[in-house]
Amino acid sequence: MNQSTRFLNACNRQPVDATPVWLMRQAGRYMAEYRALRERYSILELIKTPDLAAEVTLQPIRAFNLDAAIIFADILTLLESLGLHLEFVKGDGPVIRNPVRSSADVAALTLRPPEEVLGFTLEAIRLVRRELDGKIPLIGFSGAPFTLASYAIEGGGSRHYTLAKGLMYHQPAVWHAFMSKLAEAVGLYLRAQAEAGAQVLQMFDSWVGSLSPADYREYVLPHSRRAIELAKGNTDIPVIHFGTGTAGMLPLIKEAGGDIIGVDWRIDLAEAWDRLGSDVAVQGNLDPVVLYAPIPEIKKQAARILDSVKGRSGHIFNLGHGILQHTPVEHVAALVDFVHEYTAEGYHQ
Ligand code: CP3
């Protein structure tokens, strides 16, 4: 066995020769190669120029021994494709100038074929697949309806999601209409990425942990389920369903769908897997801040995670959330190699 099959085998809970590892947000500012490109291009220019997006996707693949690539894009371009005005403002993160607050705002959103409005990412996927030449698989991704809705309604990042939850509680019909539209857009976008060549799909519900389990069930779960069903179509493409702060609602996340459930570090990985059941694979869950620690501490914590799920099939090693901006690259290299070395011999028998 080798790296071309390791990640896909783990996604399907099949035997592997070593535990596969990739890192959420593995392309980005912690890498000098990325910063060099960012001096010449904005983030949206990088995403919308397929050659550049392909190049950025491949930067971490050249630098580290990763088992999967993830296409370079952002969850928020999908909102732009619906008619929202997206800007990345230095220091402030993403800003949406015309946030969604009413039923008229929802009605004004236009669902167009992904090939027309997000074709740059689909083209980047085709380019990366050609470059990778089967050596490792490529992941496509989208935000989940709730996380996208929270950006669209708040107009940017948020601490308490008061506007998003406000729409949910005060105007539930408008909320559900908006979420239905997002579910459709997310599902079609993921399906299009699979058709362009993405071999695994990840749906990021980064902020879903801000909800109570009851609100998740009522206001979010049906829409996430719809998005995942559309993404899969009549194929068996593996879908990773990722969220943070989901310890209190793991069975609901599973109910919404996904072959692999991504969890953060606020729950013990083995305990998360026990709650989910052995009929799904899991992805996670090192605290990204641990990558700032000395290498022996990083290895100790990675070993603890690996020991806790030894003997089970379907673990994909990852961080519990995206890699942080000031992460030392040599720590990333040490982590990736350690996961392989630690699990190569004896571990998977
Ligand atoms: O994983 C990868 O390597 C693919 C690239 C990727 C980006 N964004 C590029 C990016 C992925 C998977 C994302 C997903 C994304 N984007 C999420 C979900 C994952 C998560 O971390 O929860 C979210 C919530 C966003 C929204 C977003 N994009 C924010 C809040 C910001 C600004 C804050 C920040 O981290 O700078 C972005 C910008 C962004 N997207 C950057 C990158 C590399 C940094 C921008 C820059 O280069 O200046």
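Below: a short report on this structure. Residue numbers run consecutively from 1 along every chain, following the written order of its sequence. Totals for whole chains, interfaces and linings use all residues, but because this is a predicted model, local features are given only for residues with pLDDT of at least 70 and pairs of side-chain atoms are given and counted only at 80 or more. Remark: hydrogens and water are excluded; side-chain values derive from all non-hydrogen atoms of the structure.

1. A closer look at helix 4 (residues 50-63)
Phase 1: Compared with the 20 Å implied by 1.5 Å per residue over 14 residues, the 21 Å span of helix 4 between its first and last C-alpha is a close match.
Phase 2: Most of helix 4 sits inside the fold, with ten of its 14 residues counted as buried.
Phase 3: Here's how the labels work: a residue is buried when its accessible area is under 20% of the maximum for its type, exposed when over 50%, partly exposed in between, all with a 1.4 Å probe on protein chains only. Secondary structure follows DSSP: runs of H or I at least 4 residues long count as helices, runs of E at least 2 residues long count as strands, and numbering of each begins at the N terminus. Turning to helix 4, its buried residues number three or more, namely Pro50, Leu52, Ala53, Ala54, Val56, Thr57, Leu58, Gln59, Pro60 and Ile61.
Phase 4: Contacts are assigned to residue pairs that have any heavy atoms within 4.5 Å of one another. As for helix 4, its buried residues are in contact with helix 2 (32-40), helix 3 (43-48), strand 1 (69-70), helix 8 (119-132) and strand 4 (138-143). For a helix, the expected span equals 1.5 Å multiplied by the residue count minus one.

2. With respect to the site of the ligand
Phase 1: Whether a residue is near a molecule or strand is decided by its heavy atoms; if any one of them lies within 4 Å of it, the residue is near. In the region of the ligand, 23 residues are neighbours, and Arg29, Tyr34, Asp74, Ser206 and His321 sit closest.
Phase 2: Identification of polar contacts relies on pairs of N or O atoms within 3.5 Å, with a donor-acceptor requirement for protein atoms, meaning one able to donate a hydrogen and the other able to accept it, and with residues adjacent in sequence counted only if both atoms are side-chain atoms. Residue Ala27 places a main-chain N or O atom 3.0 Å away from an oxygen atom belonging to the ligand.
Phase 3: Side-chain polar atom of Ser206 to an oxygen atom of the ligand: 2.5 Å apart, as the coordinates give it.
Phase 4: Here, Shrake-Rupley sampling with a 1.4 Å probe gives the accessible areas, and only protein chains in the shown set may cover a residue. In isolation the ligand exposes 860 Å². Once the protein is present, 88% of that is buried.
Phase 5: Classes in brief: Ala, Val, Leu, Ile, Met, Phe, Trp, Tyr, Cys and Pro nonpolar; Asp, Glu, Lys and Arg charged; the others, Gly included, polar. Among the residues making up the shell around the ligand, the classes are represented as 16 nonpolar, three polar and four charged.

3. Here's the deal with helix 14 (residues 269-276)
Phase 1: Within helix 14, the full set of buried residues consists of Leu269, Ala270, Ala272, Trp273 and Leu276. Looking straight down helix 14, one finds its buried side chains confined to an arc of 160°; they lie on one side.
Phase 2: On its buried side, helix 14 packs onto helix 13 (250-256), strand 7 (260-262), strand 8 (281-286), helix 15 (295-308) and strand 9 (315-319).
Phase 3: A side-chain oxygen of the first residue of helix 14 lies 3.3 Å from the backbone nitrogen of Ala270; this N-cap is Asp268.
Phase 4: Backbone geometry just downstream of helix 14 places Gly277 in the positive-phi region, at approximately 100°. The directions considered for the arc run from the helix axis to the C-beta atoms.

4. A look at the packing of helix 2 against helix 4
Phase 1: The axes used here are C-alpha line fits, helices contributing only the stretch in contact, and every angle between their N-to-C directions lies in the interval 0 to 180 degrees. The N-to-C vectors of helix 2 and helix 4 enclose an angle of 160°; their axes lie 9 Å apart at closest approach. Considering their axes alone, helix 2 and helix 4 lie roughly antiparallel with respect to each other. Viewed along their axes, helix 2 and helix 4 form a crossing whose handedness is left-handed. Counted together, Glu33, Tyr34 and Leu37 of helix 2 and Leu52, Glu55, Val56 and Gln59 of helix 4 form the full contact between these two elements.
Phase 2: A per-class count over the contact of helix 2 with helix 4 returns four nonpolar, one polar and two charged. Any angle that is under 35 degrees is reported as roughly parallel, and any over 145 degrees as roughly antiparallel; angles of 65 to 115 degrees are reported as roughly perpendicular and all others as oblique. Crossings are classed by handedness, with left-handed meaning an anticlockwise turn of the near helix from the far one by less than a right angle and right-handed meaning a clockwise turn.

5. What to know about unusual backbone geometry
Glycine aside, residues mostly have negative phi angles, and peptide bonds mostly take the trans form.
Phase 1: Here the bond from Gly284 into Asn285 is cis, since omega is -5°, no more than 30 degrees from zero.
Phase 2: Even without being glycine, Asp133 reaches a positive phi, approximately 50°.
Phase 3: Its location among the elements puts Asp133 in the loop between helix 8 and strand 4.
Phase 4: Residue class for Asp133 comes out exposed when judged on its relative accessible area of 59%.

6. Thoughts on the environment of Asn12
Phase 1: Position of Asn12 relative to the elements: it lies in the loop between helix 1 (3-11) and helix 2.
Phase 2: Residue classification places Asn12 among the partly exposed positions, given a relative accessible area of 40%.
Phase 3: A polar contact is formed between the side chain of Asn12 and the backbone oxygen of Leu8, at a distance of 3.1 Å.

7. Describing the pattern of salt bridges
Phase 1: For salt bridges, the criterion is a side-chain nitrogen of Lys or Arg within 4 Å of an Asp or Glu carboxyl oxygen. Taken as a whole and assessed by the stated rule, the structure comprises 17 salt bridges.
Phase 2: Among the ionic pairs, Lys232 bridges to Asp259, the shortest N-O distance being 2.6 Å. Within this pair, whereas Lys232 is found in helix 12 (residues 213-232), its partner Asp259 is found in the loop between helix 13 and strand 7, the two being separated by 27 residues in sequence.
Phase 3: With relative accessibility at 18%, the residue Lys232 sits in the buried group.
Phase 4: Here Arg275 makes a salt bridge to Glu271, at a shortest N to O gap of 2.6 Å. One end of the pair is Arg275 and the other is Glu271, both in helix 14 and four residues apart, which spans about a single turn.
Phase 5: According to the relative accessible area criterion, Arg275 is partly exposed, its value standing at 40%.
Phase 6: Overlapping salt bridges bring together Arg6, Asp17 and Asp67 as one network.

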